[in-house]
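Per-entry structural report
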Amino acid sequence: RHMTEFVGLDLEMAFQSHYHEVVEEIIGMLVFIFTELEKRYAKELEEVRKVYDVPKFETFPTGKTEVLRMDYKEAIRILNENGVELEETEDIDTTNEKLLGRIIKQSHGCDFYVIDRFPLAVRPFYTMPAPNTDNKWSNSYDFFMRGEEIMSGAQRIHDADLLMERAKALGVGLNDLKDYIDTFKLAAPPHAGGGIGLERVLMLYLGAGNIRRCSLFPRDPHRLHP
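Notes on the structure follow. (Residues numbered from 1 in each chain as written. Predicted model: local features only at pLDDT ≥ 70, side-chain atom pairs only at ≥ 80, totals over all residues. Heavy atoms only, no water.)

**Focus on the packing of helix α5 (residues 160-169) against helix α6 (residues 178-185)**
Interhelical geometry of α5 versus α6 gives an angle of 150° and a closest axis separation of 8 Å. Judged by the inter-axis angle, α5 sits roughly antiparallel to α6. Contact residues: α5 offers Ala160, Leu163 and Met164, while α6 offers Tyr180, Ile181, Phe184 and Lys185. For the contact of α5 with α6, a count of residues per class yields six nonpolar, no polar and one charged. (Axes fitted to C-alpha atoms, helices over the stretch in contact; angles between N-to-C directions. Helix = DSSP H or I, 4+ residues; strand = E, 2+ residues; numbered from the N terminus. Parallel < 35°, antiparallel > 145°, perpendicular 65-115°, else oblique. Contact = heavy atoms within 4.5 Å. Nonpolar A, V, L, I, M, F, W, Y, C, P; charged D, E, K, R; others polar.)

**A word on the sheet that holds strand β3 (residues 112-116)**
Overall, mixed pairing links the six strands, which are arranged β1-β6-β5-β4-β3-β2 in an open sheet. Only two strands of the sheet have a single partner each, and these edge strands are β1 (8-14) and β2 (68-71). Taken over all neighbouring pairs, the strand axes of this sheet differ in orientation by 20° on average, direction set aside. For strand β4 (residues 140-145) and strand β5 (residues 148-156), the ladder comprises six bridges, and the chain directions are antiparallel. (Pairing = 2+ DSSP bridges.)

**Concerning the packing of aromatic side chains**
Inspection of the entire model under this criterion finds eleven aromatic pairs. Here phenylalanine 34 and phenylalanine 112 contribute two aromatic rings whose centre-to-centre distance is 5.3 Å and whose plane-to-plane angle is 85°, an arrangement assigned as edge-to-face. In this pair, phenylalanine 34 is assigned in helix α1 (residues 20-40) and phenylalanine 112 in strand β3, connecting sequence segments 78 residues apart. On the accessibility criterion, phenylalanine 34 (2% relative accessible area) is buried. Through a chain of ring-to-ring contacts, three or more aromatic side chains come together here, namely Tyr19, Phe34, Phe57, Phe112, Tyr141, Phe143 and Tyr205. (Phe/Tyr/Trp six-rings, centres within 6.5 Å; stacked < 30°, edge-to-face > 60°. Buried < 20%, exposed > 50% of the residue type's maximum accessible area, 1.4 Å probe, protein only.)

**A closer look at empty space enclosed by the protein**
On inspection of all chains with the given rule, the structure shows one cavity of 30 Å³ or more. Roughly 40 Å³ of internal volume is contained in the largest cavity. In terms of lining residues, the largest cavity is bounded by Tyr72, Ile92, Glu97, Leu100, Ile115, Phe118 and Phe144. When the residues that make up the lining of the largest cavity are grouped by side-chain class, the tally is six nonpolar, no polar and one charged. (1 Å grid on protein atoms, 1.4 Å probe; cavity = no way out; pocket = protein on both sides within 12 Å on 5 of 7 lines; lining within 4 Å. Points joined across faces, edges and corners; volume = space filled by probe spheres on them.)

**Quick word on the layout of surface pockets**
Its volume calculated, the second largest pocket comes out at about 190 Å³. Surrounding the second largest pocket, 13 residues form its lining, Glu148, Met203, Gly209, Asn210 and Ile211 being those nearest its centre. Top contributing element to the lining of the second largest pocket by residue count: helix α7 (residues 198-206), with three residues. Classifying every residue of the lining of the second largest pocket gives four nonpolar, three polar and six charged.

**So, unusual backbone geometry**
For arginine 117, which is not a glycine, the phi torsion comes out positive at approximately 60°. Structurally, the position occupied by arginine 117 is in the loop between β3 and β4. Phi at asparagine 135 is positive, roughly 60°, even though this residue is not glycine. Assignment of secondary structure puts asparagine 135 in the loop between β3 and β4. Asparagine 135 gets classed as partly exposed once you look at its relative accessible area, which sits at 41%.

Quick look at the structure:
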């Protein structure tokens, strides 16, 4: 399921007014990649699909030209309606993420979607709390392909005092974070980003079924050479 060595695409971007500027930039990048793959490598993709017998990757909901986006609360509501007992701020595990992906595929016809505004309690200390929510929600998001997460991202806290406050609230020691926190004392713009595993994107786009098939020299906890 996981590789110990992978190609990571790490993205950070300053924004003017709202972290959704970054979300939209990343969506645009991935849509461009998916669209151009179908245009430039149609022949190769046809051959791959003969081997793995997986339907063509659908970027948009049926009949639409915009990527599906929903709040975390909406994702929980959908799971609740399909028999999964989860509270509004509970973390969604891998099994239920895959179930949600199947439900979305059936109801919307798409394989790509974004879930926004996760509970603050399930995100790292440096995630920006959503305003006016009493630290219940956060400015954070996950991107999904075929029901599996390909990127977890968020607006990062850029204020040193708030960063220390959140670290203390989660029991994170400040001594080891001194250099990190001091950087923000020099001032930093509001910014957000995320990290994408390239082999994971390729595996889910192609429907390859195993991430090792999408790496030239796959390394995992049980394989080092070559």
